[in-house]
Amino acid sequence: MKCLLIASESAEVLFHWTDPEFQQNVQQQYGASQEDGHGLPAFEDSISTLFAPIIISCVAMVERLGDSYASFSTENNHIYVLHQFDECLYIAVNGDGEEDEDDLRRKIYVMKKMIEVLFGMVTLSSTLLRKELRPQDTEQRERLWKQLQGLLETYSHLRENDQSFLIEAVERLIHPTLCEQCIEFLERRLVQQLNSSGERAGEEVVHAFILVHTKLLAFYSSRNASTLVTSDLLTLIIMAQNMYPSSTDLEDTGPEDVESTSGSGPDVFYTPEPSPTEGDSDSSSGSSKLKKANDIPVFEFVDPDVQMAEDSLQTLRVPPPDPSTPQRVFLEVSNKEGLYPMMPHSMYCLPLWPGITLVLLTKVSNSAVAMSVYVFLEAFAKLEKRLRGQEGSAATRGQPTIHDLRGKLDKFIKALGPSDIQSAPLLNVWTEFKNRAFGRGGFTKDLIPWCKNMKTQLCGVYRQCFLTDSRSVDSPRHLSPGLQERAQTLVQEKLMDWKDFLLVKSKRNITMVSYLEEFPGLIHFICVDRSTGQMIAPSLNITERNSSELGKGPVAQFIKGKVWELVNTTRRYLQKGYSTVTLRDGDFYFCYFLWFESETGFKLDAVDLPILPDDSTPIGMLSWDYYRKLQRFYSKNHQGDVVRCFELLTIHLGIIPSEIILQHCRQLASKLWEPSRNPLL
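Bear in mind that the values here come from a model prediction, so they are computed numbers and not experimental data.

Let us now look at the overall build of the chain. A count of helical and extended segments in the chain gives 21 helices and 18 strands. Here the chain, with 681 residues, has 48% of them falling under the buried criterion. Contacts in the chain between residues at least 24 apart in sequence constitute 70% of all its contacts with a sequence separation of at least 6. With the model as given, the accessible surface of the chain reaches about 34200 Å², and the carbon-plus-sulfur share is 50%.

Laid out in structure tokens, this is it:
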């Protein structure tokens with residue numbers, strides 16, 4: 001019983017996702033559509049009717065009280081979590097007890113992050129965002145909603161099964177030699193060849209990385225590229241997994257599987273090829289009559305289980321890529337001039353083999369327009385705050401900024417004239433704004449609606465440049481299909497001998513065997529470098545067929561549940577300002593530490609962490625970069641020093657003395673990052 005809804009203040013459904021149980025419950029309550037082909041609109045009407053009282057209540061409370069409720073529960077134990085971003089209301093619901101308020105709140109913020117990556121600064125204008133989330137064309141709307149629903153389901157699956165998305169940090173494959181070889185290959189062969197090609201249509205490859213399932217094998221950024229922040233990288237991994245899902249369960253091979261396939265195999269009998277008929281010979285060309293030996297049909301007695309596995313593996317075959325339509329994404333960029341969020345890039349997701357993917361990120365040719373739009377948006381947003389009295393008492397503080405940007409904005413609008421972008425509405429609003437602001441009226445509260453109007457028009461120009469054009473079929477503005485195929489082939493040739501090893505390594509990246517002798521009683525650990533967004537943790541294999549150090553089947557599943565429980569518990573303590581947590585849970589002893597180090601590895605003194613309210617943004621990297629803010633908070637007392645932030649979570653057997661456990665934690669923290677000093681990210 002799960003649901004996530006985005007609605008406007010008028011109760012118009014902008015997006016919805018429901019699981020089958022919730023959908024069935026709604027249809028039973030309001031009745032399914034009786035007309036063929038109208039199931040989707042009818043269900044939208046039912047969803048709108050169901051949530052309309054809640055939406056209207058929220059809007060009324062905001063208008064009258066200036067505040068609204070963040071969550072509530074019903075008599076049937078359904079939990080509702082609500083959050084309003086500008087004029088869009090997000091509502092997450094759970095009725096099966098599998099998610100609490102924190103989980104639902106995190107889901108809302110992750111959904112918002114994905115929408116920002118897909119739509120960029122259009123999200124800063126509620127008017128335009130509503131049009132993007134709910135296109136008038138029904139087919140286009142259904143296609144968009146299916147994409148967003150798939151992203152949400154992919155994220156939920158990864159968070160329930162993948163440690164890196166539980167922790168919200170990037171896990172890379174630990175094989176320094178191969179990683180360095182791949183990084184060198186990406187730099188000297190792939191990216192250099194792509195950027196020197198005449199088929200790149202003005203785009204420049206700035207980032208290239210190879211994924212094995214969700215783990216990072218190699219990552220390369222060009223010299224003039226900005227650092228790709230962890231939240232953006234995690235979102236791109238979700239998008240890659242949504243395009244080409246990994247089915248790791250089908251790839252598990254236990255000892256019994258090896259025995260069954262290492263023998264003589266199924267009985268195979270030769271069946272002669274039927275003679276071609278006269279019609280066949282007429283319709284086929286001479287070259288097609290030549291058959292390879294592998295094409296000779298055979299009749300096989302195959303074990304049903306083997307046949308079922310082969311049928312299942314058919315679903316793992318990589319569908320042919322569609323290189324003509326790269327995904328437009330909007331990512332954070334930082335340079336000498338400052339920080340620019342939601343800058344346009346093109347994402348090329350090229351499958352190499354099932355489970356192994358090459359991702360290319362290119363800088364689009366007219367990205368300078370996006371930087372200018374962001375600067376103007378920031379100026380009008382600051383002016384609007386000052387006019388409302390939210391930043392200082394004197395509204396004239398915004399005048400120098402607007403005066404400084406006046407000439408730049410005039411030149412910007414003039415430069416848009418010769419292009420296909422419709423800049424007349426922006427010019428008209430800007431002219432009226434100048435007449436009011438620089439005329440007799442001056443900078444008064446009467447300018448607030450015009451500030452909003454200017455922001456909407458600027459977002460409209462941004463939308464025309466980077467969203468509308470990306471859907472057009474005019475002159476190509478992306479890497480040619482041939483160039484993408486050559487890139488795909490180059491990397492396949494490089495990794496051909498490694499692909500099977502990499503697929504196994506992704507499931508057994510780090511094992512506890514190498515740590516048990518040095519740290520007896522240690523069951524599991526997770527160490528995170530929040531400065532780089534990397535994590536190190538032993539693999540958790542919980543399949544019924546394969547056994548590991550954690551046991552097999554239910555035992556491993558039980559320990560996995562303890563790991564997830566520990567992470568959720570420590571986040572609640574971190575929210576209350578605790579940087580150290582030790583607690584005993586039955587036969588287990590949990591530890592959590594957060595600390596800061598200088599760039600040279602010297603541990604810095606502990607400080608009191610800020611205490612966050614219960615309904616604050618969830619701690620992590622996808623919702624918001626909590627740890628970057630934490631580093632800035634700590635750096636106030638360490639001016640000029642590069643402050644790094646680390647986390648360590650451990651699970652020990654409860655019989656181990658606490659002083660031994662703390663000694664293990666100290667040794668483990670110093671040991672883990674020693675072999676990984678190479679900046680592979």
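Glancing now at the sheet that holds strand 6 (residues 170–171). With mixed pairing, the six strands of this open sheet are ordered in space as 6-15-14-18-17-16. This sheet does not close on itself; its edge strands, each paired only once, are strand 6 and strand 16 (580–585). The pairing of strand 17 (residues 588–597) with strand 18 (residues 644–653) spans ten bridges and is antiparallel. Bridged to leucine 594 within strand 18 is glutamate 647. Contacts from helix 21 (residues 658–672) reach strand 14 (522–529), strand 15 (534–536), strand 17 and strand 18, with the element oriented near 135° to strand 18.

What follows deals with the confidence of the model for the chain. Across the chain, the average pLDDT comes to 83, with 81% of residues at or above 70. Here residues 392–400 is a poorly scored stretch, pLDDT under 50, and it has nine contacts once near neighbours within four places are set aside; other chains count. In this model, residues 470–474 is a region of pLDDT below 50 whose contacts with residues beyond four sequence positions or in other chains number four contacts.

This next bit is on the sheet that holds strand 4 (residues 79–85). Strand order in the open sheet formed by five strands is 2-1-5-4-3, and the pairing between neighbours is antiparallel. Each of the sheet's edge strands pairs with one partner strand only, and the pair in question is strand 2 (13–18) and strand 3 (71–73). Direction aside, neighbouring strands of the sheet carry axes that sit 15° apart on average. Examined bridge by bridge, strand 3 and strand 4 share three bridges and lie antiparallel to one another.

Buried residues dominate strand 17, accounting for ten of its ten residues. Burial of the side chains of strand 17 extends over both faces: Phe588, Phe590, Tyr592, Leu594 and Phe596 are buried on one face and Tyr589, Cys591, Phe593, Trp595 and Glu597 on the other. Connecting strand 16 to the antiparallel partner strand 17 that follows it, the hairpin turn spans two residues, and glycine 586 within it adopts a positive phi of roughly 65°.

Remark: helix 5 (residues 138–161) packs on helix 8 (residues 230–243), axes separated minimally by 9 Å, with the N-to-C direction vectors making an angle of 110°. Overall, the two elements helix 5 and helix 8 adopt an arrangement that is roughly perpendicular. When helix 5 is examined against helix 8, the residues Gln147, Gly150, Leu151, Thr154, Tyr155 and Leu158 are found in contact with a partner set consisting of Ile238, Met239, Gln241 and Asn242. Looking at the contact of helix 5 with helix 8, its residues break down into five nonpolar, five polar and no charged.

What follows covers the pattern of salt bridges. In this structure the tally under the stated criterion is 30 salt bridges. For lysine 113, the salt bridge goes to aspartate 232, with nearest N and O atoms at 2.7 Å. Taken as a pair, lysine 113 in helix 3 (residues 101–119) and aspartate 232 in helix 8 lie far apart in primary sequence, 119 residues in all. Notably, a salt bridge pairs glutamate 142 with lysine 146, separated by 3.7 Å at the nearest N-O pair. Pair noted here: glutamate 142 and lysine 146 are both in helix 5, with a separation of four residues, about one helical turn. A relative accessible area of 34% places glutamate 142 in the partly exposed class. Residue class for lysine 146 comes out exposed when judged on its relative accessible area of 53%. Through salt bridges with shared partners, a single ionic network connects Glu12, Glu44, Arg134 and Arg141.

So, on to the packing of helix 14 (residues 424–437) against helix 15 (residues 448–468). Running from N to C, helix 14 and helix 15 cross one another at 155°; their axes reach a closest spacing of 9 Å. Taken together, the axes of helix 14 and helix 15 are roughly antiparallel relative to one another. Between helix 14 and helix 15 the crossing geometry is left-handed. Each of Pro425, Leu426, Val429, Trp430, Glu432, Phe433 and Arg436 in helix 14 lies in contact with helix 15, whose residues at this interface are Trp450, Cys451, Asn453, Met454, Gln457, Leu458 and Val461.

So, about the pairing of strand 13 (residues 356–363). Counting buried positions over the eight residues of strand 13 gives seven, a clear majority of the element. Bridge analysis of strand 7 (residues 204–212) against strand 13 gives eight bridges, and the strand direction is antiparallel. Its bridge partner being in strand 13, phenylalanine 209 is matched across the sheet by valine 359. As defined by bridge partners, strand 12 (residues 338–353) adjoins strand 13 across eight bridges and the pair is classed as antiparallel. Among the inter-strand pairings, methionine 347 is bridged to a residue of strand 13, identified as leucine 361.

A separate point is the environment of serine 197. Along the chain, the position of serine 197 falls in the loop between helix 7 (176–195) and strand 7. By relative accessible area, serine 197 is classed as buried at 15%. Separated by 286 residues in sequence, serine 197 and leucine 483 place their C-alpha atoms 8.2 Å apart. In this structure serine 197 touches Leu483 and Arg486, once residues within four positions along its chain are discounted.

Within the largest apolar cluster, 151 residues are counted, with the highest numbers of intra-cluster contacts made by Ile6, Phe51, Ile91, Phe412 and Phe433. When neighbours within four sequence positions are excluded, phenylalanine 51 is seen to be in contact with Cys3, Leu5, Phe22, Tyr80, Ile91 and Val93. With 32 residues, the next largest nonpolar core counts Val191, Leu352, Leu490 and Leu502 among its residues.

Phi at alanine 201 takes a positive value of approximately 55°, unusual for a residue other than glycine. With phi around 60°, histidine 213 is a residue other than glycine that occupies positive phi space. Classification of histidine 213 as buried rests on a relative accessible area of 7%.

Once that is clear, we can look at helix 21. Here helix 21 is 15 residues long and its end C-alpha atoms lie 21 Å apart, about the 21 Å a rise of 1.5 Å per residue gives. Among the residues of helix 21, those classed as buried are Ile661, His664, Cys665, Leu668, Ala669 and Leu672. Taken down its axis, helix 21 places every buried residue within 130° of arc, on the same side. Looking at helix 21, the residues exposed on the side facing more than 90 degrees away from the buried face are Glu659 and Arg666. Where helix 21 is buried, its residues meet helix 18 (513–516), strand 14, strand 15, strand 17 and strand 18.

Turning our attention to the environment of tyrosine 592. Inspection of the secondary structure puts tyrosine 592 in strand 17. Sequence spacing of tyrosine 592 and leucine 566 is 26 residues, and the spatial spacing of their C-alpha atoms is 8.6 Å. Those residues within four positions of tyrosine 592 in sequence are excluded, and the remaining contacts are Thr570, Leu574, Ser579, Thr580, Val581, Glu647, Leu648 and Leu649. Here the side chain of tyrosine 592 touches glutamate 647 through a polar contact of 2.5 Å, side chain to side chain.

Each value, and the rule that gives it
In every chain, residue numbers begin from 1 and rise along the written sequence. Residue-level local features of this predicted model are given only where pLDDT is at least 70; pairs of side-chain atoms are given and counted only at 80 or more, and the full residue set underlies all totals for whole chains, interfaces and linings. The side-chain figures draw on all heavy atoms in the structure; neither hydrogens nor water molecules are used. Note on conventions: DSSP H or I runs of at least 4 residues are helices, E runs of at least 2 residues are strands, and numbering of each starts at the N terminus. The classification of residues rests on relative accessible area computed with a 1.4 Å probe and restricted to protein chains. Under 20% of the type maximum is buried, over 50% is exposed, and intermediate values are partly exposed. Working rule for contacts: check all heavy atoms of both residues, and any pair within 4.5 Å makes them a contact. Values of accessible area rely on a 1.4 Å probe in the Shrake-Rupley scheme; residue burial ignores everything except the protein chains shown. Two strands pair if DSSP finds at least two bridges between them. Fitted lines through C-alpha atoms serve as axes, helices being fitted only where they are in contact, and the angles separating the N-to-C directions of these axes extend from 0 to 180 degrees. Along the chain, pLDDT gives the predictor's confidence residue by residue, from 0 to 100. Convention used here: angles under 35 degrees read as roughly parallel, angles over 145 as roughly antiparallel, angles from 65 to 115 as roughly perpendicular, and any remaining angle as oblique. Nonpolar residues are Ala, Val, Leu, Ile, Met, Phe, Trp, Tyr, Cys and Pro. Charged residues are Asp, Glu, Lys and Arg, and all others, Gly as well, are polar. Every case where a carboxyl oxygen of Asp or Glu lies within 4 Å of a side-chain nitrogen of Lys or Arg is listed as a salt bridge. The sense of a crossing depends on the near helix, which, turned anticlockwise from the far helix by less than a right angle, makes the crossing left-handed and, turned clockwise, makes it right-handed. Only buried residues count toward a nonpolar core, which is a set of Ala, Val, Leu, Ile, Met, Phe, Trp, Tyr and Cys residues joined through side-chain atoms within 4.5 Å. A helix is expected to span 1.5 Å multiplied by its residue count minus one. Directions are taken from the helix axis to each C-beta atom, and the arc is the one they span. Polar contacts, as used here, are pairs of N or O atoms within 3.5 Å; protein pairs need one atom able to donate a hydrogen and one able to accept it. Residues neighboring in sequence count only if both atoms are side-chain atoms.

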